[in-house]
Amino acid sequence: MGRTTERDSRNQGQDGRRSKNTDKYNKETRNSNRDNRSEEEIRPTVEGRKRGATRASMSKKERRALKQQKLRELPFGEVVEDLKPTWVKVMESKTPKEERSELVGQLSSGLTGLWEEIIVRQVPMRMACAVVKYGSREQIQALHKELKGKYVPIIKDQNSYRIAIYFLRFRKENGCDDIAQEIIDEIVRNDHLPQVALHQKGSDVLNEIYIKMTSIERDALFIACQSKVVRRLMRFHNVKSIRDVYEKMENHNALNDTLARFVRKSAEHGFMYLPFYQFCARRIVDIFAAFSMQHCKESLVHMNPHILQFCLSNDGSRLGCASAYYLSAQGRRQMLRFMNNTDETGGVYPVELMIASEHGWKILAVLSLWIDDVTRLKDRVFTRFATDEIWDSEYLKRFLAVVLSDRPINYLTKKIRTYAAQPETSKKEPERRRRQIFEALMKLHPTRMEKIREEELFDLKDILAPHFESFVPEVDSDVDSDDE
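Residues numbered from 1 in each chain as written. Predicted model: local features only at pLDDT ≥ 70, side-chain atom pairs only at ≥ 80, totals over all residues. Heavy atoms only, no water.

Let us look at the overall build of the protein chain. Helix and strand counts for the protein chain come out as 31 helices and zero strands. Counting the 484 residues in the protein chain, one finds 46% classified as buried. Summarising the internal contacts of the protein chain: among those between residues at least 6 apart in sequence, 67% fall at separations of at least 24. Counting only carbon and sulfur atoms, one obtains 47% of the accessible surface of the protein chain, whose full area is about 26100 Å². (Helix = DSSP H or I, 4+ residues; strand = E, 2+ residues; numbered from the N terminus. Buried < 20%, exposed > 50% of the residue type's maximum accessible area, 1.4 Å probe, protein only. Contact = heavy atoms within 4.5 Å. Areas by Shrake-Rupley, 256 points an atom, 1.4 Å probe, with all protein chains shown as cover.)

Printed below as a string of structure tokens:
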């Protein structure tokens, strides 16, 4: 043991232990000595503290100085720290209204162009909230312009989500209803709504949004977030797993009504162009096809008028194939009519987009396989195959391989091979249908059909050979579409 000094002996009690009062006195003396040092003495080093010192051994001034230094080292930290006294003055209740307006103007002008970088930090976020609450319309618009298009990640952050709430809460006071509506549209009418609804901070923003919503937007929020049955089924990626969960659920009649309402509302409100709704609708149709054909057909009828919103995507093409397979002859004729509506495609015939699309050609193939009226197919589909780009496309060759082969399942993708078997709703014989499709194509595009006759891709040469051998050209006065 080391020797005991005179100072230690004075600080020890009768039993040889240090007195608590003595320790308290020494600690207070030590702290007072630290607080009496000049600013130069307690200035931190480049590493942020005195060499050999720990944070626990630093005084309040040293810790305050260290925190100040770290804040200034953040991106644009100097600007934020310089404006912090201004923000404090803005938030004081005794500040006159005219002075507060000038101070808010200083905040807005000083941080313009920086909001996107600093909004996730606590103090800049509160400065932005002060601008929204007390600023003019021009200042609020400048802030919104920088954050527009980025509100989804903003409202999922533990600090910055409050700025969205302020935009919505003070929309009446500052006359910025249009800005608040843009924020609502960005969140509600995009595919981010489900993930936002399940996020802790995002759900707080949605609670604020729900008060301001129209009935249509509330329906959108309901079908995206509040349908627990749909969410429970959609979390599985395997169709067999979904069906197993469905079978274990109780009260299938009410469940079917809930799922059918989900599909109907999604279609009516124009959300079928979003991947989330396409994914859910496709899974629901798969369930109905296995357990409730009546609900399956009803759901497909509701989606039919909106086929142009989803016909070019993967899930959407499977919905279109299901419509062409399960619907009646009248439903298939309606599909042809809706697919010739050019209003939603800027004047371009949707068939031209679908036949050259990775997924859209599948809908045309299944529809051509099982439609009874080939004349309508010729007038509304085959006449649109009018450009060399279409005939050079790989997907047109896939289409021909499917509709002209006696084994179409070989040329369909694995996910839609179910639709190669003849459905009960189609009465025309497959062999007769293939012959009529070939004759229609030869009548409209003889030159191009002759050119593709030797195509080896997808076994087209072997598929077309028997059709050409049995084909007898008709003699009439119609002008060939290739020569027009």
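On to the packing of aromatic side chains. Taken as a whole and assessed by the stated rule, the structure comprises nine aromatic pairs. By way of ring pairs, the aromatic residues Tyr325, Tyr326 and Tyr419 are connected into one cluster. Directly above the ring of Tyr134 sits Arg100, whose terminal nitrogen or CZ lies 4.7 Å from the centroid. One Lys or Arg, Arg337, reaches over the ring of Phe338 and ends 5.1 Å from the middle of that ring. (Phe/Tyr/Trp six-rings, centres within 6.5 Å; stacked < 30°, edge-to-face > 60°. Lys NZ or Arg CZ within 6 Å of the ring centre and 35° of its normal.)

Let us look at the confidence of the model for the protein chain. Residues of the protein chain with pLDDT of at least 70 account for 72%, and the chain-wide mean is 76. Counting interchain partners and residues more than four positions distant, the pLDDT-below-50 stretch residues 39-52 has 21 contacts. (pLDDT = per-residue confidence, 0-100.)

What follows concerns unusual backbone geometry. Even without glycine at this site, Phe458 takes up a positive phi of about 60°. Along the chain, Phe458 falls in the loop between α30 (446-451) and α31 (460-470). Residues other than glycine seldom take positive phi values, yet Asp459 does so here, at roughly 60°. The topology assignment puts Asp459 in the loop between α30 and α31. According to the relative accessible area criterion, Asp459 is partly exposed, its value standing at 40%.

Along the chain, Ser393 falls in the loop between α27 (388-392) and α28 (394-404). Overall, the relative accessible area of 12% leaves Ser393 in the buried class. Of note is the side chain of Ser393, whose polar atom sits 3.1 Å from the backbone nitrogen of Tyr395. When near neighbours in sequence (up to four residues on either side) are disregarded, Ser393 contacts Ile355 and Ala356. (Polar contact = N/O pair within 3.5 Å; in protein donor to acceptor, adjacent residues only side chain to side chain.)

Below, the discussion takes up the pattern of salt bridges. Summed over all chains, the structure comprises 16 salt bridges. Of the charged contacts, one joins Arg433 and Asp372 as a salt bridge, the two residues approaching to 3.9 Å between their closest N and O atoms. Placement of the pair is Arg433 in helix α29 (residues 430-444) and Asp372 in the loop between α25 (360-370) and α26 (374-380), with a sequence separation of 61 residues. The salt bridge involving Glu394 is made with Arg398; its shortest N-O contact spans 3.2 Å. Placement of the pair is Glu394 and Arg398 together in helix α28, with a separation of four residues, close to one helical turn. Judged by its relative accessible area of 23%, Arg398 is partly exposed. (Salt bridge = Lys/Arg side-chain N within 4 Å of Asp/Glu carboxyl O.)

On to the packing of helix α18 (residues 252-268) against helix α19 (residues 275-291), then. Relative orientation of the contacting elements α18 and α19 amounts to 140°, with a least axis distance of 10 Å. Crossing of α18 over α19 shows left-handed handedness. For the pair α18 and α19, contact is made by Asn256, Leu259, Ala260, Phe262, Val263 and Ser266 and by Phe276, Tyr277, Cys280, Ala281, Ile284 and Phe288, respectively. Of the residues belonging to the contact of α18 with α19, the class tally is ten nonpolar, two polar and no charged. (Axes fitted to C-alpha atoms, helices over the stretch in contact; angles between N-to-C directions. Left-handed = near helix turned anticlockwise from the far one by under 90°. Nonpolar A, V, L, I, M, F, W, Y, C, P; charged D, E, K, R; others polar.)

Quick look at the environment of Leu168 now. In this fold, Leu168 is placed in helix α11 (residues 161-169). Distance from Leu168 to Ala180, taken between C-alpha atoms, is 5.4 Å for residues twelve residues apart in sequence.

With that out of the way, let us pick up the environment of Ala267. Mapping Ala267 onto the fold places it in helix α18. Looking at Ala267, the relative accessible area reads 1%, which means it is buried. For the pair Ala267 and Ile307, spaced 40 residues apart in sequence, the C-alpha separation works out to 9.5 Å. Not counting the four nearest positions on each side in its chain, Ala267 is found in contact with Met272, His302, Met303 and His306.

Ranked by internal contacts, the top residues of the largest apolar core, which has 80 residues, are Met303, Phe382, Phe385 and Phe399. Counting residues per element, this core draws most heavily on α19, which supplies nine residues. Among all residues touching Phe385, those that are not within four sequence positions of it are Val351, Ile355, Ile390, Trp391, Leu396, Phe399, Leu441, His445 and Arg448. Listed in part, the 38 residues of the second largest apolar core include Leu83, Leu107, Tyr161 and Ile187. (Core = buried A, V, L, I, M, F, W, Y, C linked by side-chain atoms within 4.5 Å.)

For an α-helix, the turn length of 3.6 residues means that residues three or four places apart are oriented alike. With 17 residues, α18 extends 24 Å between its outermost C-alpha atoms, agreeing within 8% with the 24 Å of an ideal straight helix rising 1.5 Å per residue. Along α18, the positions that sit buried rather than exposed are Leu255, Asn256, Leu259, Ala260, Phe262, Val263, Lys265, Ser266 and Ala267. A positive backbone phi angle near 75° is found at Gly270, which sits one or two residues after α18. (Expected span 1.5 Å × (residues − 1).)

Moving on, we get to the environment of Gln334. Tracing the sequence through the fold places Gln334 in helix α23 (residues 329-339). In the structure, Gln334 is positioned 30 residues away from Asn304 in sequence and 7.6 Å away in space, judged by C-alpha atoms.

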